[in-house]
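Summary of structural features
So the chains spell out like this:
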Amino acid sequence: MKRNVVLVVLLLVVSLPYGMVRAQSRHGRAGLFKSYSRLVMAGYQGWHNAEADGAGRGWYHYTRQGKFEPGFTNVDLWPEVGELKRTYQTNFKHADGSTAFVHSAYDSSTVDTHFKWMKDYGVDGVFMQRFLVEIKGKKGRHHFNKVLQNALSASQKYGRAISVMYDLSGCQGMADMQVLIADWKNLVDSMKITSQGKTQTYLFHRGKPLVVIWGVGFNDNRKYTIKDVASVVEFLKNDPVYGGCSVMLGVPTYWRELRNDTQSDPFLHELIRKADIVHPWTIGRYGDEAGYGRYAGVQREDMVWCKANGLDYTAVVFPGFSWHNMNNSAPSDQIPRKRGTFFWKQIEGALRQGAKSIYIAMFDEIDEATAIFKVSKNPPVGASTFVSFEADVPSDYYLYLSGYAGKMLRRELPLRATPPPPIR
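Below or above, wherever it landed, is the structure these notes cover.

1. Observations concerning the pattern of salt bridges
For the coordinates displayed, the defined rule picks out 20 salt bridges. With a shortest N-O distance of 3.1 Å, Glu134 and Arg57 are connected by a salt bridge. In this pair, Glu134 sits in helix H4 (residues 132-135) while Arg57 sits in the loop between strand E1 (40-44) and strand E2 (88-93), placing the two residues 77 residues apart along the sequence. On the basis of relative accessible area, Glu134 is assigned to the buried category, the value being 11%. The salt bridge partner of Asp276 is Lys237, with a shortest N-O separation of 2.6 Å. With Asp276 in the loop between helix H8 (267-272) and strand E9 (277-281) and Lys237 in helix H7 (residues 226-238), this pair connects stretches of sequence that are 39 residues apart. Taking relative accessible area as the criterion, Lys237 reaches 18% and is therefore assigned buried. By sharing partners, the salt bridges in this structure join Arg206, Lys237, Asp276 and Asp312 into a single network.

Structure below.
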């Protein structure tokens, strides 16, 4: 009788679909980075191309109205390229008449140097942006796959954490959510992004690989819904093969109160409770130290809400803001850096209130002038206006401040109310 029962069970198992029998997670175990807690990380756009970099995208993200020449550009900061192995000649000129050069994120040597800077200054790692509207197309997908592969290699070379952040800006609905799901499957299968062995640098949190979904609950007339995003969170959390992930949700500044920049839909809170980390987007919501001081009370109550609901919280900080070349009606240097005091006010305030992790917006964002990487103190002159980097601080000052913030976060150094002076 027992033999017959065993035979029947075996026959049933053999007849089941392959996935139901063999379903097994494709993720490895946590490697060097087991938690986002006590880390200072930045966003990495990686979206700038040069005409001769081989990607076939021209001067992508440098142009305005299809042109990259004096009077037509999308960037407000000019990158410092002196340490890069490969740079690209432009039609812009410095004050002395010399030609100005830029970088391409498609070039592996560029990404390698950026990750070297992270190690040199103590930035723990970056969230690699993947814009769904970009990876839907063949050229965009090829570019961002190349940048991600370069970053994965560089992260292992320099021991920096890396995680994927999907940006939903411009998405049209459920069809694009399926693009995200298919893309994550591809990264897990072809790039082995979460199964690189004991020394892998992919960021885990709460014992699971961390994936970020940015752009949930904003009230700026997006074409996708909170429920659309919920389907992706369900997949990332519970799919037996590609799920089992921790999820960080990028939400509006006033997500908890469901006001101002946030949809007044209580389902947003229901979705957030299914995630692991809350990541409020604060860029441009305040423009000076006093503005952050007013926001600090909101941030404090956000942390209380997260703790009560079993969620972690990451503080988002930014050094300054300007998008005059992209939007000529906006003033240049709209939110000044003030020699690091604006940046520092946010960092010190968040740490004093108990933040366990920090997200810096951004590492390489020169379009909106929030970059912390090395920026030229001698930008081009002429028809385009670039934010002049502060004359009395070195070009690496914001990398230095970011690394110093990590030491305070880990209590290796005491909190200080004012930014440390630059090392010259």
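2. Overview of the packing of aromatic side chains
Each aromatic ring pair is specified by the distance between its two centres and by the angle formed by the two planes. Enumeration over the complete set of coordinates arrives at 33 aromatic pairs. Ring centres 6.2 Å apart and planes at 15° place the aromatic pair Phe68 and Trp78 in the stacked group. Highlighted residues: Phe68 in the loop between E1 and E2 and Trp78 in the loop between E1 and E2, separated in sequence by 10 residues. Ring-pair connections join several aromatic residues into one group, and the members of that group are Phe343, Trp344, Phe389, Tyr397, Tyr398, Tyr400 and Tyr404.

3. Quick notes on empty space enclosed by the protein
Counted according to the given criterion, the structure contains two cavities of 30 Å³ or more. Approximately 40 Å³ is the volume found for the largest cavity. Every residue along the wall of the largest cavity is listed here: Tyr44, Gln45, Gly46, Met128, Gln129, Arg130, Phe144, Val147 and Leu148. Those elements that place two or more of their residues in the lining of the largest cavity are strand E4 (125-131) and helix H5 (138-158). Considered as a void within the structure, the second largest cavity measures approximately 40 Å³ in volume. Along the walls of the second largest cavity sit Gly215, Val216, Gly217, Phe218, Arg222, Tyr224, Thr225, Ile226 and Gln263, which together make up its complete lining.

4. Remarks on helix H3 (residues 108-121)
With 14 residues, H3 extends 20 Å from end C-alpha to end C-alpha; this agrees with the ideal 20 Å at 1.5 Å per step. Within H3, 10 of the 14 residues are buried, which leaves the element mostly enclosed by the surrounding structure. Within H3 the residues assigned to the buried category are Ser109, Thr110, Val111, Asp112, Thr113, His114, Phe115, Trp117, Met118 and Tyr121. Check the buried side of H3 and you find it contacts E1, E4, H5 and helix H11 (397-409).

Reading the values: rules and limits
Residues numbered from 1 in each chain as written. Predicted model: local features only at pLDDT ≥ 70, side-chain atom pairs only at ≥ 80, totals over all residues. Heavy atoms only, no water. Salt bridge = Lys/Arg side-chain N within 4 Å of Asp/Glu carboxyl O. Helix = DSSP H or I, 4+ residues; strand = E, 2+ residues; numbered from the N terminus. Buried < 20%, exposed > 50% of the residue type's maximum accessible area, 1.4 Å probe, protein only. Phe/Tyr/Trp six-rings, centres within 6.5 Å; stacked < 30°, edge-to-face > 60°. 1 Å grid on protein atoms, 1.4 Å probe; cavity = no way out; pocket = protein on both sides within 12 Å on 5 of 7 lines; lining within 4 Å. Points joined across faces, edges and corners; volume = space filled by probe spheres on them. Expected span 1.5 Å × (residues − 1). Contact = heavy atoms within 4.5 Å.

Fair warning: the whole summary comes from geometry, so function is off the table for now.
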